[in-house]
Amino acid sequence: MADRLKRVGIVLTVLGLAFIAAGGFAFFKTQEGANSLTAFSAAQDIKLNYNEEGQLVDRGEVEGAQAIMNLLTVDWGYPVNTAELNPNDPLVNTSSEYMYQMATIAYHTLNGTQTVTLKEDFTAPDGTVYKADTPYEIPVNGRYWADFDRSNPIDAAVRAQAWTGVAHALIANLGVGTVTATAIQMGFGLAGGFAGFGFAFILTGLGLFWAARAELATVKVTRTANVPI
């Protein structure tokens, strides 16, 4: 029985070393990805704005940043990690910072106003008449790309001017950054999980090996004690 315990202990110890090696490799590759993301963020030099009290601000106003955060956490339901919003490190390179920056672009797009000038007169469904060659200030009114009626020339113009290719590209770019940063966090977690399993296997294996040696020592002492004098 003791020999079997020793063999199992050795196997578990070897498996533990393999798990630790896998964890080290996962950590190394994840760290490479983290370094690359940080370098990419630094090259873009996109930073969040904070006031002297360390509060997020948008265009100098705390209320503006709070409205953006409300869009992000309430409307979009994103679980912001406030620890990632560091006024001493305003560079956008964490998932929460990427999502906040994305919400900033979306917020100003959704709450902006567009100047629309039609080439022909148009009567809206509500009876409003829009004259040709006359500029009108039309609010986006919280509408996303799919919320506009393209058959309505006013809506079509506002959509094209508000949700430009640049706005879509920036949001897409930030979305990729969010996914990448989240994947990096998962990678570090996976590396830690491998290492944890490895240590658990090693401790179990060494414990079995120790128990087997103790049992062998007990058997040896018992046999010695039973030897007739």
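All residue numbers refer to positions counted from 1 along the written sequence of the respective chain. Two thresholds apply to this predicted model, a pLDDT of at least 70 for residue-level local features and 80 or more for giving and counting side-chain atom pairs, whereas whole-chain, interface and lining totals are computed over all residues. In computing side-chain values, all of the structure's heavy atoms are included and hydrogens and water are not.

Right, let's get into the nonpolar core. Buried Ala, Val, Leu, Ile, Met, Phe, Trp, Tyr and Cys residues that are joined via side-chain atoms within 4.5 Å together make up what is termed a nonpolar core. Only protein chains enter the accessibility calculation, which uses a 1.4 Å probe; a residue whose area is less than 20% of its type maximum is buried, one above 50% is exposed, and one in between is partly exposed. Of all hydrophobic cores here, the largest spans 39 residues; its most connected members are Leu56, Tyr100, Tyr130 and Ile154. Sorting the residues of this core by element identifies helix H1 (2–44), helix H2 (62–75), helix H3 (95–110), strand E4 (135–139), helix H4 (153–162) and helix H5 (165–226) as the ones contributing at least two each. Among the elements that make up this core, the one with the highest residue count is H3 (eight residues). Excluding its chain neighbours within four sequence positions, the residues that come into contact with Ile154 are Val116, Leu118, Phe122, Tyr130 and Ile138. Put simply, DSSP marks the helices as runs of H or I at least four residues long and the strands as runs of E at least two long, and each gets a number from the N terminus on. Any pair of residues with heavy atoms lying within 4.5 Å of one another is described as a contacting pair.

Here the focus is H4. Along H4, the residues that are buried comprise Ile154, Asp155, Ala157, Val158, Arg159 and Ala162. A distance of 2.8 Å separates the backbone nitrogen of Ile154 from a side-chain oxygen at the start of H4, and that oxygen is part of Asn152. Under the rule applied, a polar contact is a pair of N or O atoms within 3.5 Å (in protein, one hydrogen donor and one hydrogen acceptor; residues adjacent in sequence only if both atoms are side-chain atoms).

Now for the pattern of salt bridges. Salt bridges, as used here, are contacts in which a Lys or Arg side-chain nitrogen is within 4 Å of a carboxyl oxygen on Asp or Glu. Within the structure shown, the criterion is met by three salt bridges. The partner of Glu32 in a salt bridge is Lys29, with the nearest N and O atoms 3.0 Å apart. Remark: Lys29 and Glu32 occur in helix H1; sequence separation between them is three residues, near one turn of the helix. Accessibility expressed as a relative area gives 40% for Lys29, which makes it partly exposed. Residues Arg143 and Asp155 are paired through a salt bridge, measuring 3.0 Å at the closest nitrogen-oxygen approach. Taken as a pair, Arg143 in the loop between E4 and H4 and Asp155 in helix H4 lie far apart in primary sequence, twelve residues in all. Residue class for Asp155 comes out buried when judged on its relative accessible area of 13%.

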